[in-house]
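Descriptive analysis of the structure
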Amino acid sequence: MRIVSFGYQTWGRKTLQALIDSGHEVVLAVTHPTSAESYRAIWNDSVEELAREHGIPVHLTERADAETIDLVKRAEPDLIVVNSWYTWMPAELYNLPPHGTLNLHDSLLPKFTGFSPVLWALISGESEIGLTIHRMDEGLDTGDILVQHALAVGPNATGTELVRAGMELIPGALREALTAIETGTAVWRPQNKAERTYFHKRSDRDSRIDWSWPATDLERFVRALSEPYPRAYTHYRGQRVEVLAATVSQARYGGTVGRVIVQEGGGAVVCGPDAYRGGNHGLVITRVRTADGRELDGAEFFARGGYLTDSPE
């Protein structure tokens, strides 16, 4: 089949590589220009570079405008394949090829449509993540499903580890989807809209720790926001502090939400929700990074006790 690729960042590059390896003819690679915007700068392996290495024509654009549509028409694709494309695609474009357009989304749709699905899935306490290949339609990640591959979320998995593992699903899932389309054996499964969840783009505010959350949720939150993502942060004695590692306390503690009260297991325990009842576990902060880049043990850094807050005081 003749295929046009729309993709960006490492997801787009891995998808383009899988298309090249599939033996199908990639007739055009459409990608975004390089960006320094925080989440776009993460996992920024170049689609453009890979395409040019293989002699594939490249079109750089922020959006699927009239020029882009014209280029795709002239390429005469049988199929468009999309992964990590940041802007809206019109029906004129995604319905253009005889086989339509496939979109790759790194969640088990219909759950976790939208942005940063792997991070949100870990934060939410999901037991598995995955990759869905579906037909593009007028909604965001709402089209009929062709292929889904799942991965279990380990008890100590970080967001970074899960993102990397999810990327490794791309070649096998895409090969399965292309074979089904080429052989006419594709079976499309409509999504159950009642089960759909949507998550917005992450920003700096979304990395701030909310001390009203249970310690088990906060421990996952810290693991989800692992390097190279913006780290979980809080404020202590007027300065912003990143929490790099944490565990759930063995003992149960009481007091005031956000209070650093005692040391346990090499870290500092912070009170969580309903702390005044004394029935809940706390979050044990074992490693922090200060605004000047110094990394310190939690027990050492919080030796004076005090409170962790939403903003400098």
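Residues numbered from 1 in each chain as written. Predicted model: local features only at pLDDT ≥ 70, side-chain atom pairs only at ≥ 80, totals over all residues. Heavy atoms only, no water.

The protein appears in an unreviewed UniProt entry as Methionyl-tRNA formyltransferase from Nocardia terpenica.

What follows covers the pattern of salt bridges. Applying the stated criterion to the full structure yields 17 salt bridges. For the salt bridge of Arg289 with Glu227, the shortest nitrogen-to-oxygen distance reads 2.8 Å. Placement of Arg289 in strand 14 (residues 280-290) and of Glu227 in the loop between helix 8 (215-224) and strand 10 (232-236) is noted, with a sequence separation of 62 residues between them. Its relative accessible area of 16% is what places Arg289 among the buried residues. By relative accessible area, which is 40% here, Glu227 ends up partly exposed. Residue Asp292 is joined to Arg294 by a salt bridge in which the shortest nitrogen-to-oxygen separation is 3.1 Å. Given a relative accessible area of 56%, Asp292 falls into the exposed group. (Salt bridge = Lys/Arg side-chain N within 4 Å of Asp/Glu carboxyl O. Helix = DSSP H or I, 4+ residues; strand = E, 2+ residues; numbered from the N terminus. Buried < 20%, exposed > 50% of the residue type's maximum accessible area, 1.4 Å probe, protein only.)

Here we come to the layout of surface pockets. In this approach the atoms are scanned with a rolling probe the size of a water molecule, which exposes any empty space left behind. Taken as a whole, the largest pocket spans an internal volume of roughly 970 Å³. Forming the boundary of the largest pocket are 41 residues, of which Ser84, Trp85, Tyr86, Gly114 and Phe115 lie nearest the centre. Here the lining of the largest pocket is built from residues that sort into 22 nonpolar, 11 polar and 8 charged. One number sums up the size of the second largest pocket: a volume of about 160 Å³. Lining the second largest pocket are 15 residues, with Tyr8, His32, Thr34, Asn44 and Ser46 sitting closest to its centre. Considering only residue class, the lining of the second largest pocket consists of 5 nonpolar, 7 polar and 3 charged. (1 Å grid on protein atoms, 1.4 Å probe; cavity = no way out; pocket = protein on both sides within 12 Å on 5 of 7 lines; lining within 4 Å. Points joined across faces, edges and corners; volume = space filled by probe spheres on them. Nonpolar A, V, L, I, M, F, W, Y, C, P; charged D, E, K, R; others polar.)

The next point concerns the UniProt feature "domain: Formyl transferase C-terminal" (unreviewed entry) in the protein. Residues annotated by UniProt as "domain: Formyl transferase C-terminal" (unreviewed entry) correspond here to residues 204-303. In this annotation, residues 204-303 is assigned 14% helix and 44% strand; the end-to-end C-alpha distance for the span is 27 Å. (UniProt positions renumbered as here; feature names shortened; annotations may be inferred.)

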